[in-house]
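Next come the chains, spelled out residue by residue.
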Amino acid sequence: MMTVASKNRAVVTLPTDTQIMITREFDAPKRLVYRAWTTPELIKRWWSAKRGEVTVADVDLRVGDAWRWVMVTGKGYEVVFYGEYLEVIPNERLVFTEIFGGMPDAGAVTTLTFIEKEGRTTLTTLVQHERQEHRDAHINSGMEAGMQDAMDLLEEVAVSLM
């Protein structure tokens, strides 16, 4: 397992040639972290990582139904992610396909697990790519800095719900 250096509190590891694992603790109960992750108006407050404006946060939180998040960057570029929910266990686990509009052939299956201990939540995100080159493109995209900032904002949103 290889570890990618992180400047913030999320830890990014590469468990296999096709996986990315992100682990992050939040100072909020899991029901609030889950709510911030799955509620459109709350997604709009954190997902852009202050790199633009979230213009679409569609969430149909049922197995077999879709999600779609769109951000317009400060430079005017549209960034689109979308997919389908494969498993939904409220406040516990989400499994969904995840496709970046710029690389639609490089989709992944993402599993989020929310674990609470003493009012704090550990969110584990496992991204399973089909091929190593897709995993590597994901890692080399510069995603980590934005992810770190988005996770900080996700925590702020979750804490604001307390």
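Everything discussed here concerns the structure shown above.
Conventions adopted
Position labels on residues start from 1 in each chain and follow its written sequence. The predicted origin of the model limits local features to residues at a pLDDT of at least 70 and limits the giving and counting of side-chain atom pairs to 80 or more, whereas totals for whole chains, interfaces and linings rest on all residues. Only hydrogens and water are removed before side-chain values are computed, so all heavy atoms of the structure are retained for them. We count a stretch as a helix when DSSP gives it H or I for four or more residues in a row; a strand needs E for two or more, and each element gets its number in order from the N terminus. Throughout, the radius of gyration refers to the C-alpha atoms, and the reference size of a globule is 2.2 Å times the residue count to the power 0.38. Note on exposure labels: buried denotes an accessible area under 20% of the residue type's maximum, exposed denotes more than 50%, and partly exposed covers the range between, all computed with a 1.4 Å probe on protein chains only. When checking whether two residues touch, look at their non-hydrogen atoms; a contact exists if any pair is within 4.5 Å. Per-residue and other accessible areas follow the Shrake-Rupley method at a 1.4 Å probe size, with only the shown protein chains counted as cover for residues. We count Lys and Arg on the positive side and Asp and Glu on the negative side, and we leave His and both chain ends out. In plain terms, the charge of a residue is placed at NZ if it is Lys, CZ if Arg, CG if Asp and CD if Glu. Each nonpolar core is a collection of buried residues, namely Ala, Val, Leu, Ile, Met, Phe, Trp, Tyr and Cys, held together in the definition by side-chain atoms within 4.5 Å. For two strands to pair, DSSP has to find at least two bridges joining them.

1. Observations concerning the overall build of the chain
- The helix and strand tally for the chain stands at four helices and nine strands.
- Element order for the chain, N to C, with α for helix and β for strand: β-β-β-α-α-β-β-β-β-β-β-α-α.
- Taken over C-alpha atoms, the radius of gyration comes to 15 Å for the chain, in line with the 15 Å a tight globule of 162 residues would show.
- Once the C-alpha set of the chain is aligned to its principal axes, its extents read approximately 40 × 35 × 35 Å.
- For the chain, the proportion of its 162 residues judged to be buried stands at 43%.
- Relative to all contacts within the chain whose residues are 6 or more apart in sequence, the contacts with residues 24 or more apart total 44%.
- Only carbon and sulfur atoms are counted for the fraction: they give 52% of the accessible area of the chain, which is about 8400 Å².
- Side chains of the chain carry 18 positive and 24 negative charges; the gap between the two charge centres is 5 Å.

2. Some details on the nonpolar core
- Formed by 40 residues in total, the largest nonpolar core has its most connected members in Trp37, Trp46, Trp69, Leu123 and Leu154.
- With eight residues, the top contributor of residues to this core is helix H4 (residues 143-160).
- Contact partners of Trp69, with chain neighbours within four places excluded, come to Trp37, Ile43, Trp46, Trp47, Val56, Ala57, Asp58, Val59, Val79, Val80 and Phe81.

3. Focus: the environment of Ala150
- Among the structural elements, Ala150 can be located in helix H4.
- As for Ala150 and Leu126, which are separated by 24 residues in sequence, their C-alpha atoms are 17 Å apart.
- Ignoring sequence-local partners within four residues, the contact set of Ala150 consists of Trp46, Trp47 and Ala49.

4. Brief notes about the side chain of Thr125
- Mapping Thr125 onto the fold places it in strand S9 (residues 120-129).
- Beyond its immediate sequence surroundings of up to four residues, Thr125 is in contact with Ile20, Met21, Ile22, Thr110, Thr111 and Leu112.

5. What to know about the pairing of strand S6 (residues 78-89)
- As paired strands, strand S5 (residues 66-73) and S6 are joined by seven bridges and run antiparallel to one another. If you follow Trp67 over to S6, its bridge partner there is Gly83.
- A loop of four residues connects S5 with S6, the two strands running antiparallel in sequence, and Gly76 in this loop sits at a positive phi of about 90°.
- With six bridges joining them, S6 and strand S7 (residues 93-100) adopt antiparallel strand pairing. From the neighbouring strand, Glu87 faces S7, where its bridge partner is Val95.

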